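# What the coordinates show
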2 protein chains.
Amino acid sequence: MVLDVLRASSTVVTLLDHGAAPLYVAGTVDAARALAARLPTRPLLCGEVGGLPPAGFDGGNSPTELAAQAIAGRAVVLATSNGTRALAALAAAPAVLVGCFLNAAAVAASARAAALARRGGVAVVCAGDEGGSRFSLEDAVAAGCVVERLQALALEATLELDDGALAAWRLYRSYTAAAPPDEAAARAFAESWHGRELARLGFTADLAYCARVDASRVVPRLIHHGDALALHAFELD
Amino acid sequence: MVLDVLRASSTVVTLLDHGAAPLYVAGTVDAARALAARLPTRPLLCGEVGGLPPAGFDGGNSPTELAAQAIAGRAVVLATSNGTRALAALAAAPAVLVGCFLNAAAVAASARAAALARRGGVAVVCAGDEGGSRFSLEDAVAAGCVVERLQALALEATLELDDGALAAWRLYRSYTAAAPPDEAAARAFAESWHGRELARLGFTADLAYCARVDASRVVPRLIHHGDALALHAFELD
């Protein structure tokens, strides 16, 4: 699963929650425009450069702003560089899911089901900042939240965790030791570089929104539509 | 500074503590042999492949075993792949130091002095496992220990920490919340992949030894001797 908590992962969960169909992701603004031009009906075109929607776009990358638009049943093309790069890099994996705080328990359950079906493991990939070259605090904390949810689902006494999963879990618990999950996530955002950037740009509603742990049961899954990447929701019982 | 806690960093601190002069590091067994052949006097040749000294070597990479040898005033060539790779990658930095639990406070003080002299910052580089491609729990925990020592030295209320430094600090404190530093480091080793590997190979004395937080004031610093990499000790007051 790929985590890009602020804000690509949280945005795609929100778009699918509100009925976007299909939802395409593109790695650049130009690729998003080209894809939108090829679709039979005009999609909702959204994304951001430096926190603002590019020219000709219908919206940015703010889940709270996008949730206010009429999305149900509408095709959406989302331009997001980091999240798309991470998704594209995993295109060969048997099942690629998108996770964040919003769907932590649901994505953990889906990943576990997919792993059991294939007798495989679960890899949690943090998209990071600046093209994946920088460690991102909020993605690591969210990874720890997912590890905790996976641990809660495990029939074994303890999951077999590698060093990164164990560190992420300890990091997450360093926040939840002092606060309930939503406040813990908000605290991680407040301490993170990216969270502080978004607060500076005025996206405080998004930060509160993206910190609502387990608020959604939607699990986006990567599907290839020709050479385009799309995300489909599948909800677990 | 470079951290390769198990065991290259701990080994070079120990070798310098015991008077090795000069101490060379080489990235491969062959490079170590070639360097040893070029030196005017026969050095102590040490290093490991799969946990054992290669043919013709005088010792492995075990700090407790090397500390038992006659080292004072003797040239040493240490073959260590991960640590040397990390050092070589930083060769352009103005000052490159080697840190681990053993010298956490001392390396923090040296790094702070070097950073203040250059009006720069401190970068803590975790060598990781498998050529740096894998996150290593013990290196991240030690990084957090160094961050805590840097924080204690700061005149400002709080240091400016990036997301990785903050996560490492929180990770370290997740161990020290329940135990004094030496036990915390030993616990991190016991949970880490590399620590469990070393325990399986019988190096339990090394694990206890490398977990002695702040036991040494020696700070190895990278020096270029022609195309060879050497480490010299400089001790702070």
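One can find the structure itself at the top, above this paragraph.
A quick note: this is a predicted structure, and the numbers were derived from the prediction, not measured.

About the criteria used
Residues numbered from 1 in each chain as written. Chains lettered and ligands numbered in written order. Predicted model: local features only at pLDDT ≥ 70, side-chain atom pairs only at ≥ 80, totals over all residues. Heavy atoms only, no water. Helix = DSSP H or I, 4+ residues; strand = E, 2+ residues; numbered from the N terminus. Rg over C-alpha atoms; globule rule 2.2 N^0.38 Å. Buried < 20%, exposed > 50% of the residue type's maximum accessible area, 1.4 Å probe, protein only. Contact = heavy atoms within 4.5 Å. Areas by Shrake-Rupley, 256 points an atom, 1.4 Å probe, with all protein chains shown as cover. Lys, Arg positive; Asp, Glu negative; His and termini not counted. Charge placed at Lys NZ, Arg CZ, Asp CG, Glu CD. Buried area = accessible area lost by both parts, 1.4 Å probe. Salt bridge = Lys/Arg side-chain N within 4 Å of Asp/Glu carboxyl O. Phe/Tyr/Trp six-rings, centres within 6.5 Å; stacked < 30°, edge-to-face > 60°. Lys NZ or Arg CZ within 6 Å of the ring centre and 35° of its normal. Pairing = 2+ DSSP bridges. Disulfide = S-S within 2.5 Å. Least-squares fit on C-alpha atoms with pLDDT ≥ 70 in both. Axes fitted to C-alpha atoms, helices over the stretch in contact; angles between N-to-C directions. Parallel < 35°, antiparallel > 145°, perpendicular 65-115°, else oblique. Left-handed = near helix turned anticlockwise from the far one by under 90°.

### Description of the overall build of chain A
Of the regular secondary structure elements, chain A holds ten helices and eight strands. Taken over C-alpha atoms, the radius of gyration comes to 17 Å for chain A, in line with the 18 Å a tight globule of 237 residues would show. Projected onto its principal axes, the C-alpha positions of chain A cover 50 × 40 × 30 Å. The 237 residues of chain A split such that 52% are buried. At a minimum sequence separation of 6, the contacts of chain A that also span at least 24 residues come to 71%. Counting only carbon and sulfur atoms, one obtains 56% of the accessible surface of chain A, whose full area is about 10100 Å². If the 19 positive side-chain charges of chain A are averaged to one point and the 24 negative ones to another, these points end up 2 Å apart.

### Points about the interface of chain B and chain A
Taken together, the contact pairs 21 residues of chain B with 20 residues of chain A. For the pair chain B and chain A, the two sides together bury roughly 1500 Å², of which 50% comes from carbon and sulfur. Salt-bridge contacts for Arg134(A) lead to Asp162(B); the nearest nitrogen and oxygen are separated by 3.9 Å. At the level of elements, helix H6 (137-153), helix H7 (163-176), helix H8 (181-191) and helix H9 (193-200) of chain B are the ones that each hand at least two residues to the side of chain B that touches chain A. If one sorts the elements of the side of chain B that touches chain A by residue count, H7(B) sits on top with eight residues.

### Topic: the packing of aromatic side chains
Counted under the stated rule, the structure contains two aromatic pairs over all chains. Note on Phe101(A) and Phe189(A): the rings are 5.7 Å apart at their centroids and 70 degrees apart in plane angle, and the pair reads as edge-to-face. Of this pair, Phe101(A) sits in the loop between strand E5 (98-99) and helix H5 (104-118) while Phe189(A) is found in helix H8 (residues 181-191), placing the two residues 88 residues apart along the sequence. For the pair formed by Phe101(A) and Phe189(A), the shared burial category is buried. Sitting over the face of the ring of Trp169(B), Arg173(B) holds its NZ or CZ atom 4.3 Å from the ring centroid. Above the plane of the ring of Tyr209(B) lies Arg212(B), whose end atom (NZ or CZ) is 4.3 Å from the centre.

### Here's the deal with the sheet that holds strand E1 (residues 2-3) of chain B
Residues and elements named next belong to chain B. The strand order across the open sheet built from three strands is E5-E1-E6, with neighbouring strands paired in parallel fashion. Unpaired on one side and paired on the other, strand E5 (98-99) and strand E6 (125-126) mark the two borders of the sheet. Note: E1 against E6, two bridges, orientation parallel. Of the residues in E6, the one forming a bridge with Val-2 is Val-125.

### Some remarks on the state of the cysteines
All names here are of chain A. Tallying each qualifying case throughout the model produces zero disulfides over all chains. Unpaired in this structure, Cys-100 has its nearest cysteine sulfur neighbour in Cys-210, at a distance of 7.2 Å. The class of Cys-210 is buried, set by a relative accessible area of 0%.

### With respect to the relation of the copies chain B and chain A
Relating one copy of the chain to the other requires a rotation about an axis plus a shift along that axis. For the pair chain B and chain A, the superposition axis carries a translation of 0.0 Å, the fit reaches an RMSD of 0.0 Å, and the rotation angle comes to 180 degrees. As the rotation angle and translation indicate, the two copies are arranged about a two-fold axis. Looking at the rotation axis and the C-alpha trace of chain B, the residue lying nearest is Leu171(B), at 2.8 Å. In this assembly, 95% of the residues forming the interface of chain B have copies in chain A that are likewise at the interface, indicating an isologous arrangement.

### Some details on unusual backbone geometry
The bulk of non-glycine residues show a negative phi, and the bulk of peptide bonds are trans. Residues and elements named next belong to chain A. Cis geometry is adopted by the peptide bond preceding Pro-22, which originates at Ala-21 and carries an omega value of -10 degrees. Here Pro-22 is to be found in the loop between helix H1 (5-17) and strand E2 (23-26). Residues other than glycine seldom take positive phi values, yet Asp-214 does so here, at roughly 65 degrees. Within the secondary structure, Asp-214 sits in the loop between helix H10 (204-210) and strand E7 (218-225).

### Side note on the packing of H5(A) against helix H6 (residues 137-153) of chain A
When two helices pack together, you describe them by how their axes are tilted relative to each other and by the distance separating the axes. Residues and elements named next belong to chain A. At a closest axis distance of 8 Å, the pairing of H5 and H6 adopts a crossing angle of 55 degrees. Between H5 and H6, the crossing angle belongs to the class labelled oblique. Considering only the axes of H5 and H6, their crossing is right-handed. For the pair H5 and H6, the contacting residues are Ala-104, Ala-105, Val-107, Ala-108, Ala-109 and Arg-112 in the first and Cys-145, Val-146, Arg-149, Leu-150 and Leu-153 in the second.

### Observations concerning helix H1 (residues 5-17) of chain B
Most of H1(B) sits out of view: twelve of its 13 residues are buried. Positive phi shows up at Gly19(B), right after H1(B), with a value of about 90 degrees.

### Comments concerning the sheet that holds E5(A)
Residues and elements named next belong to chain A. Reading across from one edge, E5-E1-E6 is the order of the three strands in this open sheet, with parallel pairing throughout. Each edge of the sheet is formed by a strand with only one pairing partner; in this case those strands are E5 and strand E6 (125-126). Bridging between strand E1 (residues 2-3) and E5 involves two bridges; their strand directions are parallel. Across the sheet, the residue bridging to Val-2 is Val-98, located in E5.

### Description of the side chain of Arg7(B)
Looking at where Arg7(B) falls in the secondary structure, it is placed in helix H1. Taking relative accessible area as the criterion, Arg7(B) reaches 2% and is therefore assigned buried.

### Points about the environment of Leu222(B)
Residues and elements named next belong to chain B. Residue placement: Leu-222 occurs in strand E7 (residues 218-225). The exposure class assigned to Leu-222 is buried, which follows from its relative accessible area of 8%. C-alpha separation for the pair Leu-222 and His-232, spaced ten residues apart in sequence, amounts to 6.7 Å. Setting aside residues up to four positions removed in sequence, Leu-222 forms contacts with Leu-87, Ala-91, Val-96, Leu-229, Ala-230 and Leu-231.

Bear in mind that shape data such as this cannot, by itself, settle questions of function.
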